[in-house]
Each structure stands twice: as structure tokens, then as C-alpha cells.
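Observations on chain architecture
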Amino acid sequence: MIAGQLSRARESQVLVVANVLVGLVAALHGYILVLEMFLWERRPGHDLHGFDAEMARATAALAANQGLYNGFLAAGLLWGLLADDPTGRQVQIFFLSCVIVAGLYGAATANRRILLVQALPGALALAAVVAAG
């Protein structure tokens, strides 16, 4: 009986860690949405890629489009946190997989830093969700 209670307590802790990591990845993508859609032509947007004001202005529409996609990732992760299982867990796995693929693609085509900023947090959160089973 005590072993069963300890096992359930551990499962509960793993679930909490998974939910926190998914929430952090969702918050990251919400921040990226704001940065790319609303702050691109201001200092935070300039600093993200080292663009000057002219380049930021020229790429603002592209950045806003990217920001919108990041918002969809954040929304999907929040849906996964709010939905009952098994749907919630499946949605989390799907959207975290999308985050990882987008991070890998971004690292390969745009900036290697995206691997650490986007793909790694997504992979850690996905591992935690799978472990929480």
C-alpha cells in the first residue's frame, strides 16, 4: 500500500513538471508572437536578429506572419494543458512535436541559436509529457 502511494505521488510530481514545462514553452511562443508581431520594428525586435531599422521595416510583414504561427503553437499547447486526457496529452505531444520540428528547421535555415531557444525546450517538455504518461 505504501509503495502504491509513493508511486502515485511520483507520477503526480512528474505530471506537475510536465505541465510546468509545457506552460513555459507556451509562454515562450506567446512572447515570440508579441516580439515578432508587435515589437519587430522596435529595439527588442531589432536585437533579436541584429537588424537595423531599415531591415526590420522591410521584414516586418514576414516577422508578423512568423509570430502568428508561434501564437498558434502557444494556443495549441494551452489547449493541451486545459483539455482532459487522453485528448490533452495527445494535443501536447502533437504541438510539442511541431515546436521541435520548427526549431530544427529554423536552426538549419535561419539561426543555430533557435536549436537551443526553441527545439531544446520543446524536446524537454515532450520528454516530460511522455514520462508522465
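Everything discussed here concerns the structure shown above.
The model shown is predicted, which means the values in this text are computed figures rather than measured ones.

A closer look at the layout of surface pockets
Taken as a whole, the largest pocket holds about 730 Å³ of empty space. Around the largest pocket, the lining is made up of 26 residues, and of these Glu36, Gln66, Asn70, Ile114 and Gln118 lie nearest the centre. Every element with two or more residues in the lining of the largest pocket is listed here: helix H1 (2–38), helix H2 (43–49), helix H3 (53–82), helix H4 (87–109) and helix H5 (113–132). At eight residues, H3 tops the list of elements feeding residues into the lining of the largest pocket. Per-class residue counts for the lining of the largest pocket are 16 nonpolar, eight polar and two charged. Volume-wise, the second largest pocket comes out at about 200 Å³. For the second largest pocket, the lining is made up of 15 residues, of which Leu15, Asn19, Asp85, Arg89 and Gln92 are closest to its centre. Per element, the largest residue contribution to the lining of the second largest pocket is five residues, and it comes from H1. The residue inventory of the lining of the second largest pocket, partitioned by class, reads six nonpolar, six polar and three charged.

What counts and how
Residues numbered from 1 in each chain as written. Predicted model: local features only at pLDDT ≥ 70, side-chain atom pairs only at ≥ 80, totals over all residues. Heavy atoms only, no water. 1 Å grid on protein atoms, 1.4 Å probe; cavity = no way out; pocket = protein on both sides within 12 Å on 5 of 7 lines; lining within 4 Å. Points joined across faces, edges and corners; volume = space filled by probe spheres on them. Helix = DSSP H or I, 4+ residues; strand = E, 2+ residues; numbered from the N terminus. Nonpolar A, V, L, I, M, F, W, Y, C, P; charged D, E, K, R; others polar.

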